[in-house]
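Each chain, written out:
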Amino acid sequence: MISFYPGPSKVYPQVKEYMMEAMDTGILSCNHRSPEFVDLSKETIKLLKKKLDIPKNYTIFFLSSATECWEVLSESYKPLFSTHIYNGAFGEKWYLNKKKLDANAMAFEYPIHREISVNKLSKLNSSYTEAICLTPNETSNATKVSKNMMHKVRQRFKKSLIMTDVTSSLGGVDLDWLSADIWYASVQKCLGLPAGMALMICSPRAIEKALELNENKHYNSMVAMIKQMERFQTTHTPNVLNIFLLNKVMQMRDPIKRISNQTKTRMQSMQNVLQKNGYEPLIPYTRLRSDTVLAIKDNASRITEIKKKAKKEGFVLGNGYGDWKENTFRIANFPAITNDEITQLVDFLKLNA
Ligand SMILES: *Cc1c(COP(=O)(O)O)cnc(C)c1O
């Protein structure tokens, strides 16, 4: 079976070997305050910064999931009034999470076939823009927010803390780190690792603001995490196995610029072939489409049929999500999936068009 599910998705095959290596090194039995763990943590953070082009002065934290990041951010930056800009299910979930924990949240929804309107953004209630929350790669409907748009949002809200959910793009495409203050992602998507860990990457400004707010009521409050990370440690016993695997995968992977080019080129050609064969992407305009996830639209019975047929042939297609559950299937274009596997899937889809 080859999984094209957009998360959890295909894990790098080398992970099998790395898991055995983790057993052999003894790291899995080390205390998380031990020098062995600190070395691993420090080395992994260094590698992440190098391979993903993350600015040296940004801080990286190990968390458990993107969902946990929603909660950490809602609690740690609580008094900040936030506007959540989104067009799909994950952006909305984040907004609802914040709303539940802290009423100071406002939604700014935009249609999936349009770009974010900077004009409308300018009319936002300015008291709600202390934090701006964005989902630059909306996994549920396979849209993206372009780098150019991210830049415009940054320019428009110079003083705001900009927070981003990049769960299905971190490690798949290159990100413009200066265009936002907080970036988080779980590792079971473009990083090709087993689920159960997330990374949160913060600008110096994000750290300063958290320290200034000084919210310290939770085991995973930012203030407590910052204090521990000064020594490359965590507030609780972290997912040491996954940190080890991340380290190994980062050593093995190409620099993000190269991976990003491959991701984008492969998505382009996959879309072209599928469209030529009569498949209709959910998102009509190429510039709005995600580089890492493709959603194909059709009537519900045809979607069910193609998913069933694919499964028989050994391909797992992603179900639709949220509003698009019945009428779309999704294909992950994540780096752990090989070109050959994409070709096999495209050939299957061509035959069954
Ligand atoms: C998958 C996904 C999540 C949820 O990730 P968890 O690891 O289950 O918390 C959140 N946001 C986006 C954009 C996602 O793609």
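Position numbers for residues count from 1 along each chain, tracking the sequence in the order it is written. In view of the model being predicted, local features appear only for residues whose pLDDT reaches at least 70, and side-chain atom pairs are presented and counted only at 80 or more, with totals across whole chains, interfaces and linings using the full set of residues. Just so you know, side-chain values use all the structure's heavy atoms and leave hydrogens and water out.

1. Some details on the site of the ligand
- The near set for a molecule or strand comprises every residue that places at least one heavy atom within 4 Å of it. In the vicinity of the ligand, the contacting residues are Ser 65, Ala 66, Thr 67, Trp 70, Phe 90, Asn 137, Thr 139, Asp 165, Thr 167, Ser 186, Gln 188 and Lys 189.
- Counted as a polar contact is a pair of N or O atoms within 3.5 Å, where, for protein atoms, one must be capable of donating a hydrogen and the other of accepting one, and residues adjacent in sequence contribute only when both atoms are in side chains. Between an oxygen atom of the ligand and a main-chain N or O atom of Ala 66, the distance comes to 3.2 Å.
- Take Asp 165: an N or O atom from its side chain is 2.7 Å from a nitrogen atom of the ligand.
- Computed on the free molecule, the ligand has an accessible area of 390 Å², of which 86% lies beneath the protein chains in the complex.
- Per-element tally for the shell around the ligand: the top contributor is helix α3 (residues 66-76), with three residues.
- For this classification, Asp, Glu, Lys and Arg are treated as charged, while Ala, Val, Leu, Ile, Met, Phe, Trp, Tyr, Cys and Pro are nonpolar and the rest, including Gly, are polar. For the shell around the ligand, the per-class residue count stands at three nonpolar, seven polar and two charged. Surface accessibility follows the Shrake-Rupley procedure with a 1.4 Å probe radius. Residue values consider only the protein chains on display as shielding. The way it works is that DSSP assigns letters per residue, a run of H or I at least four long becomes a helix, a run of E at least two long becomes a strand, and they are numbered from the N terminus.

2. Digging into the UniProt feature "binding site: substrate" (unreviewed entry) in the protein chain
- UniProt positions are given in the numbering used here, feature names are shortened, and annotations may be inferred rather than shown by experiment. Per the UniProt entry, the sites bearing "binding site: substrate" (unreviewed entry) are Arg 330 in this numbering.
- Along the chain, the position of Arg 330 falls in strand β15 (residues 328-332).
- In this structure the side chain of Arg 330 is engaged in a polar contact, spanning 2.8 Å, whose partner is the backbone oxygen of Thr 139.

3. Points about the pairing of strand β9 (residues 182-186)
- Think of it in three bands: with a 1.4 Å probe and only protein chains considered, a residue is buried below 20% of the maximum accessible area for its type, exposed above 50%, and partly exposed in between. Counting buried residues in β9 gives five out of five residues, a clear majority hidden from the surface.
- The two faces of β9 match: Ile 182, Tyr 184 and Ser 186 on one face and Trp 183 and Ala 185 on the other face are all buried.
- DSSP bridges decide pairing: two strands pair if at least two such bridges lie between them. Pairing between strand β8 (residues 161-165) and β9: three bridges, direction parallel. Bridging from a neighbouring strand, Asp 165 pairs with Tyr 184 of β9.
- Two strands pair when backbone bridges link them, and β9 and strand β10 (residues 198-202) are joined in this way by five bridges, in the antiparallel orientation. If you follow Trp 183 over to β10, its bridge partner there is Ile 201.

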